Amino acid sequence: MEFNLADLFESVVDVVPDREALTYVDRPGTGAVRRLGYAELDGAANRIAHHLTDAGLKPGEHVGLHLYNGVEYLQTVLACLKARVVPVNVNYRYVEEELAYLFRDADLAALVFDAEFTGRVATARPRAGKLRHLLRVGTPPPDAPALRCVEFVDAEACASAARGFPARSGDDLFIIYTGGTTGLPKGVMWRQEDLFFAGLFGGDPTGTPVGRPEELAERVAAGGAGLSFFPAPPLMHGTSTLTSFIAFHYGQRVVIHRKYVPEEVLRTIERERVSSVSLVGDAMLRPLVDALHGPMKGTDLSSLLSVSSSGAMLSETVRDQFQELVPHVLLLNNFGSSESGSNGRATDDSGAEKGFRLEVNERTEVVDPATCAPVAAGRTGRLAQRGHVPLGYYNDPAKTAETFFQRDGERWVLLGDMATVDEQGIVTVLGRGSQCINTGGEKVYPEEVEQALKSHPRVYDVLVTGVPDARWGNRVAAVVQAREGGAAPDLAELQEHCRARLAGYKIPRQLVLTDRIRRSPSGKADYRWASAAAAERP
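Here is a short report on the structure shown in this document. It should be emphasised that the depicted structure is a prediction, and the values quoted were computed from it without experimental measurement.

### Let's talk about the sheet that holds strand β26 (residues 473–482)
Point 1. Sheet architecture is open: 3 strands sit in the order β25-β26-β27, paired in mixed fashion. Where the open sheet ends on each side, the last strands, each with one partner, are β25 (459–469) and β27 (510–513). For this sheet, the mean angle separating the axes of adjacent strands, direction not counted, is 25 degrees.
Point 2. As judged from the 10 bridges shared by β25 and β26, these two strands associate in the antiparallel manner. Looking at the pairing, Thr465 lines up with Ala477 of β26.
Point 3. Against the sheet, helix α14 (residues 446–454) contacts β25 and β26, and its axis sits at roughly 140 degrees relative to β25.

### What to know about the environment of Ala122
Point 1. Relative to the elements of secondary structure, Ala122 occurs in helix α5 (residues 118–124).
Point 2. Sequence separation between Ala122 and Ala161 is 39 residues, and the spatial gap between their C-alpha atoms is 30 Å.
Point 3. Discounting chain neighbours no more than four positions away, the residues touching Ala122 are Pro145 and Leu147.

### What to know about the pattern of salt bridges
Point 1. Under the definition given, this model contains 40 salt bridges.
Point 2. The salt bridge partner of Glu365 is Arg407, with a shortest N-O separation of 3.0 Å. One end of the pair, Glu365, is in strand β17 (residues 364–367); the other, Arg407, is in strand β20 (residues 404–407), with 42 residues separating them in the sequence.
Point 3. By relative accessible area, which is 24% here, Glu365 ends up partly exposed.
Point 4. Arg407 sits in the buried class, given a relative accessible area of 17%.
Point 5. With a closest N to O distance of 2.9 Å, Arg519 and Asp461 form a salt bridge. Placement of Arg519 in the loop between β27 and α16 (527–536) and of Asp461 in strand β25 is noted, with a sequence separation of 58 residues between them.

### Some points on the nonpolar core
Point 1. Grouped together as the largest cluster of nonpolar side chains are 103 residues, with contacts concentrated most on Leu5, Phe103, Leu111 and Phe248.
Point 2. Looking at this core, the element that brings in the most residues is helix α3 (residues 71–83), giving 9 residues.
Point 3. Contact partners of Leu5, with chain neighbours within four places excluded, come to Leu81, Phe174, Gln192, Leu195, Phe196, Leu200, Phe245 and His249.
Point 4. Core analysis: the second largest hydrophobic core is formed by 27 residues, Val274, Leu285, Phe322 and Val326 among them.

### Focus on the pairing of strand β16 (residues 356–360)
Point 1. The pairing of strand β15 (residues 341–346) with β16 spans 3 bridges and is antiparallel. Across the sheet, residue Ala346 finds its bridge partner in β16, namely Leu358.

### Some words on the packing of aromatic side chains
Point 1. In this structure the tally under the stated criterion is 14 aromatic pairs.
Point 2. Look at Phe3 and Phe197: their rings are 4.9 Å apart centre to centre, the planes differ by 70 degrees, and that puts the pair in the edge-to-face class. In this pair, Phe3 sits in the segment before α1 (5–15) while Phe197 sits in helix α7 (residues 192–198), placing the two residues 194 residues apart along the sequence.
Point 3. Judged by relative accessible area, Phe3 falls into the buried class, the value being 10%.
Point 4. A ring pair is formed by Tyr68 and Tyr92, whose centres lie 4.5 Å apart and whose planes are at 55 degrees; its orientation type is tilted. Of this pair, Tyr68 sits in the loop between β3 (62–66) and α3 while Tyr92 sits in the loop between β4 (86–89) and α4 (96–105), and the two are 24 residues apart along the sequence.
Point 5. The exposure class assigned to Tyr68 is buried, which follows from its relative accessible area of 10%.
Point 6. The structure contains a cluster of three or more aromatic residues connected by ring pairs, namely Phe9, Tyr38, Phe245 and Phe248.
Point 7. The positively charged end of Lys259 is found above the aromatic ring belonging to Tyr68, 4.6 Å away from the centroid.
Point 8. The ring of Tyr460 has Arg286 lying over it, and the distance from NZ or CZ to the ring centre is 5.2 Å.

### Concerning the packing of α1 against helix α9 (residues 238–250)
Point 1. Two numbers describe how α1 lies on α9: the axes approach to 8 Å, and their chain directions differ by 40 degrees. It follows from the interaxial angle that α1 and α9 lie oblique. Our pair here, α1 against α9, has a crossing hand that is left-handed. Between α1 and α9, the contacting residues are Leu5, Leu8, Phe9 and Val12 on the first element and Phe245, Phe248 and His249 on the second.
Point 2. Per-class residue counts for the contact of α1 with α9 are 6 nonpolar, 1 polar and no charged.

### Focus: the side chain of Ser244
Point 1. Its location among the elements puts Ser244 in helix α9.
Point 2. Residues within four places of Ser244 in sequence aside, it is in contact with Leu74, Pro231, Leu235 and Val254.

### Considering unusual backbone geometry
Point 1. Look at Arg84: it is not a glycine, yet its phi comes out positive at around 65 degrees.
Point 2. Structurally, Arg84 can be placed in the loop between α3 and β4.
Point 3. You can call Arg84 partly exposed: its relative accessible area is 27%.
Point 4. Phi is positive for Phe201, which is not a glycine, with a value near 60 degrees.
Point 5. Among the secondary structure elements, Phe201 is positioned in the loop between α7 and α8 (213–222).
Point 6. A residue is classified by how much of its surface remains accessible, and Phe201, at 29% relative accessible area, is partly exposed.

### Thoughts on the packing of helix α2 (residues 38–54) against α3
The geometry of a pair of packed helices is captured by two quantities: the angle between their axes and the separation between those axes.
Point 1. Between α2 and α3, whose axes approach to 8 Å, the crossing angle comes to 60 degrees. As summarised for this structure, α2 and α3 are arranged oblique, according to the angle between their axes. Note that α2 runs across α3; the crossing there is right-handed. Contacts between α2 and α3 involve Leu41, Asp42, Ala44, Ala45, Asn46, Ile48, Ala49, Leu52 and Thr53 from the first element and Gln75, Leu78, Ala79, Cys80, Lys82 and Ala83 from the second.

### Considering the environment of Phe117
Point 1. Structurally, Phe117 can be placed in the loop between β5 (108–114) and α5.
Point 2. What makes Phe117 buried here is its relative accessible area of 1%.
Point 3. Ignoring anything within four residues of it in the chain, the contact list for Phe117 reads His66, Tyr68 and Tyr92.

### As for the environment of Arg219
Point 1. For Arg219, the location among the structural elements is in helix α8.
Point 2. Sequence separation between Arg219 and Thr118 is 101 residues, and the spatial gap between their C-alpha atoms is 43 Å.
Point 3. In this view, Arg219 contacts Asp204, Thr208, Pro209 and Val210; residues no more than four positions away in its chain are not counted.
Point 4. In terms of polar contacts, Arg219 uses its side chain to reach the backbone carbonyl oxygen of Thr208, at 2.8 Å.

Parameters at a glance
Residues numbered from 1 in each chain as written. Predicted model: local features only at pLDDT ≥ 70, side-chain atom pairs only at ≥ 80, totals over all residues. Heavy atoms only, no water. Pairing = 2+ DSSP bridges. Helix = DSSP H or I, 4+ residues; strand = E, 2+ residues; numbered from the N terminus. Axes fitted to C-alpha atoms, helices over the stretch in contact; angles between N-to-C directions. Contact = heavy atoms within 4.5 Å. Salt bridge = Lys/Arg side-chain N within 4 Å of Asp/Glu carboxyl O. Buried < 20%, exposed > 50% of the residue type's maximum accessible area, 1.4 Å probe, protein only. Core = buried A, V, L, I, M, F, W, Y, C linked by side-chain atoms within 4.5 Å. Phe/Tyr/Trp six-rings, centres within 6.5 Å; stacked < 30°, edge-to-face > 60°. Lys NZ or Arg CZ within 6 Å of the ring centre and 35° of its normal. Parallel < 35°, antiparallel > 145°, perpendicular 65-115°, else oblique. Left-handed = near helix turned anticlockwise from the far one by under 90°. Nonpolar A, V, L, I, M, F, W, Y, C, P; charged D, E, K, R; others polar. Polar contact = N/O pair within 3.5 Å; in protein donor to acceptor, adjacent residues only side chain to side chain.

Below, the structure written as C-alpha cells:
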C-alpha cells in the first residue's frame, strides 16, 4: 500500500463500513436528503470506475468533472482514483469557448457533466479532439440538443460494485485546474503522495502526519464518529474537494449542498449538527453574517466548532462581526494555493492596520524571484514552498520552468504572492505580483487597499485595480459594492477613511459604484472584470 488517495480511502472504508460518509442536502428546506455510508459510497464509486475502464479509459488518461455539487461529484473523483485515471475539475461557469479551450488543454478523454450543461458540451465537444466518452448526470432540459452520451444512472446499474482494480501508486496524478484571477486556466499536476502531505496535511491537519499509509485507518479505527465537515464552496474549487478528503481521512462525515445559499447553509448546520464549515473569503462569510443578523437570527449553531477560509483573505471587519455573533467558533484564516497546498495561517492581529500577516509552515519561505535565495528581513520577495510540491503545469513547459525550480536538492514552487518577512519569521503578504499597480514608481497591492476599504461601515465588498493615467502611469481605482439600506460612500469619504491606514500613494483616486462585485462561484475575485469596470467610468 502506498500514499495513494484511493488506497487510503478504501482502508478507511474497511474499518468503518457502516459509518455515514456523505450527506447530500438536495433541496434545502424540503427534507430531501441522501445519505451514504462508507461502504455504500465505496460501492457506488466502484461502479463508475468499472464503467470508465469498460469504456476504454486507460490509466493516466484524463476525465473532466463538469458538475455542480452532488453525490456524483465525489463518487466520480473516487472512481477516477480507483481506476487510475486522472480527475480534472471543470469550472461550470465556463461558456463554450472557454470549455473548448480547457477540454483541449487538459486532453480530456472523457467528461462527466450535469444535464443542464448539455448545450455547452455539445457545442464545445467538436473542438476537443481527444474527448471520446460522455457520461451525463440527470435529465436534460426539453430544448437541449441531441448528444450521444451514456446516462449516469445506466452506467451505475450495469457495472459491478466490487473493487478488483490493479495496484495503484503514490505517483498517480491528481490535476487541479486553476483559473486564478487573471489569465487562462492552468492544470496543476500533483503526485497523489505529495498532495496527501501538502494539501491534506498527511491525514491530520491539527496533529502529526501519519508515517505509514496503513496508519491512517489504524487511527480511524481507534477514534470515534461525530464530526461533520461542510465544504460550502463548489467542489470544482480545489478547497472543497480537499476538505472532503480530509473528512474521509478522519473517517467522518461530509455534508454538501448543490449550490451556496447562505440561509440554507445555516439551516443545514443547525439540522445536521455540522462541526466544521469551509468557505472562501468575505464573499461567503459576509452573507452568513448578514443572515445571522437578519432572517436567520437565533439559528442554533452550538454544534459548530470551526469555520475556515482559504483561497481568499477574510477581512478583519468581517471576522470581528462573525466572532461577535458566534464567539465560541474558532475562525481560521488559512492561506494556500492550488500550486502549494497549505502555506500557513493568518495571525490574530492580521488586518487593515498591520496587513495580512501569516505564520507560515516550515516549508514556506520568502525568496528573491531572480535568484530563488531567501530574502533578508524587511526585504520584498515572493512566497515559495519546498518539498511536497506539484510536478508542474500540464501542457505548459514554459510556465512550469518559470514557476518550479530545484534548490539544495529539493523541489520548490515559486508562488505569485509578493511578501516580506520580519525577524520573528512572520510573513506579511502584499498581494499577487500580477495585480500589482505601479503608480508614479510606487507599488500598490490591491489586497492591502481592499482590507482598508472593507473596514468602512458602508462598504459591503470591493475590488481595487489600476487604471491607466497620463501622469502617474496608473492610478488606484476602487470598484465598490455599497451596503444596502443607506447612502453609498463617496470618493472623498473613502479617501479620508484610508488616510489613517495607508500611505498616500495607495489611496484610491477613482471610485466606481456597482450593484454587485463579480466573483467566481468559489468567491475568488474577478480582477479582469474590475479593471474593465473602472476603465469604462473615468
